[in-house]
Amino acid sequence: MEEFGKRLSEASAALILLSREFERLETDHSDLLSEGYPFSVCLLEVVHGMLEWQETINDLKEAIKRGETANS
């Protein structure tokens with residue numbers, strides 16, 4: 001689980017950087033960037049969703065460390 005958390009954190013950081021670059025280019029290249037865009041929401045919403053998911057995973061990991069479970 002530790003390795004997953006580490007990779008999720010790395011992916012979130014990379015997605016934030018990608019989103020910033022996307023926003024910088026969007027004004028001049030929106031047609032090109034939207035071609036084949038794989039998400040149903042804007043990239044910023046994808047970033048926020050990823051960060052929320054990461055927070056949920058981190059909270060669950062902390063609960064497990066404290067000995068809490070879903071049945072507690």
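Residues numbered from 1 in each chain as written. Predicted model: local features only at pLDDT ≥ 70, side-chain atom pairs only at ≥ 80, totals over all residues. Heavy atoms only, no water.

Description of the overall build of the protein chain
Where we set the bar: To qualify as a helix, a DSSP run of H or I must reach at least 4 residues; to qualify as a strand, a run of E must reach at least 2; elements of each kind are numbered from the N terminus. Each radius of gyration reported is based on C-alpha atoms, and the globular scaling rule is 2.2 Å times the count of residues to the power 0.38. Shrake-Rupley sampling with a 1.4 Å probe provides the accessible areas, and residues are treated as covered by the protein chains on show and by no other component. Two residue types count as positive, namely Lys and Arg, and two as negative, namely Asp and Glu; His and chain ends fall outside the count. Charge positions come from single atoms, namely NZ of Lys, CZ of Arg, CG of Asp or CD of Glu.
The helix and strand tally for the protein chain stands at two helices and zero strands. Its C-alpha atoms give the protein chain a radius of gyration of 16 Å, more than 25% over the compact-globule value 11 Å for 72 residues. Expressed as lengths along the three principal axes of its C-alpha atoms, the size of the protein chain is roughly 50 × 20 × 15 Å. If you sum the accessible surface of the protein chain, you get close to 5,700 Å²; carbon and sulfur atoms cover 57% of it. Distance between charge centres in the protein chain, computed from 7 positive and 15 negative side chains, equals 11 Å.

Considering the packing of helix 1 (residues 2-34) against helix 2 (residues 43-65)
Let me state the cut-off plainly: Simply put, an axis is a line fit to the C-alpha atoms, just over the touching stretch for a helix, and the angle between two N-to-C directions goes from 0 to 180 degrees. For this classification, under 35 degrees means roughly parallel, over 145 means roughly antiparallel, 65 to 115 means roughly perpendicular, and everything else is oblique. By the definition used in this description, the sense in which the near helix is turned from the far one sets the handedness, with an anticlockwise turn below a right angle giving left-handed and a clockwise turn giving right-handed. Three residue categories are used. Nonpolar comprises Ala, Val, Leu, Ile, Met, Phe, Trp, Tyr, Cys and Pro, charged comprises Asp, Glu, Lys and Arg, and polar comprises the others, including Gly.
Close contact between helix 1 and helix 2 brings their axes to 10 Å; oriented N to C, the two are set at 160°. What the angle tells us is that helix 1 and helix 2 run roughly antiparallel. Helix 1 and helix 2 meet at a crossing whose hand is left-handed. Looking at the contact of helix 1 with helix 2, its residues break down into 15 nonpolar, five polar and four charged.

A look at helix 1
Note: α-helices contain 3.6 residues per turn, so residues at a spacing of three or four share the same orientation. Selection rule: Expected helix span is given by 1.5 Å per residue-to-residue step, counting one fewer step than there are residues. Bend, in this description, refers to the angle at a residue between axes fitted to the seven residues ending there and the seven starting there. Any residue under 20% of the maximum accessible area for its type is buried, any over 50% is exposed, and the rest in between are partly exposed; the area is computed with a 1.4 Å probe on protein chains only. Contacts are assigned to residue pairs with any non-hydrogen atoms lying within 4.5 Å of each other.
The end-to-end C-alpha distance of helix 1 is 35 Å, clearly below the 48 Å that 33 residues give at a rise of 1.5 Å each. At D28, helix 1 is bent by approximately 105°, the largest bend along its length. Every buried residue of helix 1 is accounted for by G5, L8, S12, L15, S19 and F22. In this structure, the buried side of helix 1 is in contact with helix 2. G36, located one to two residues past helix 1, shows a positive phi value of around 75°.

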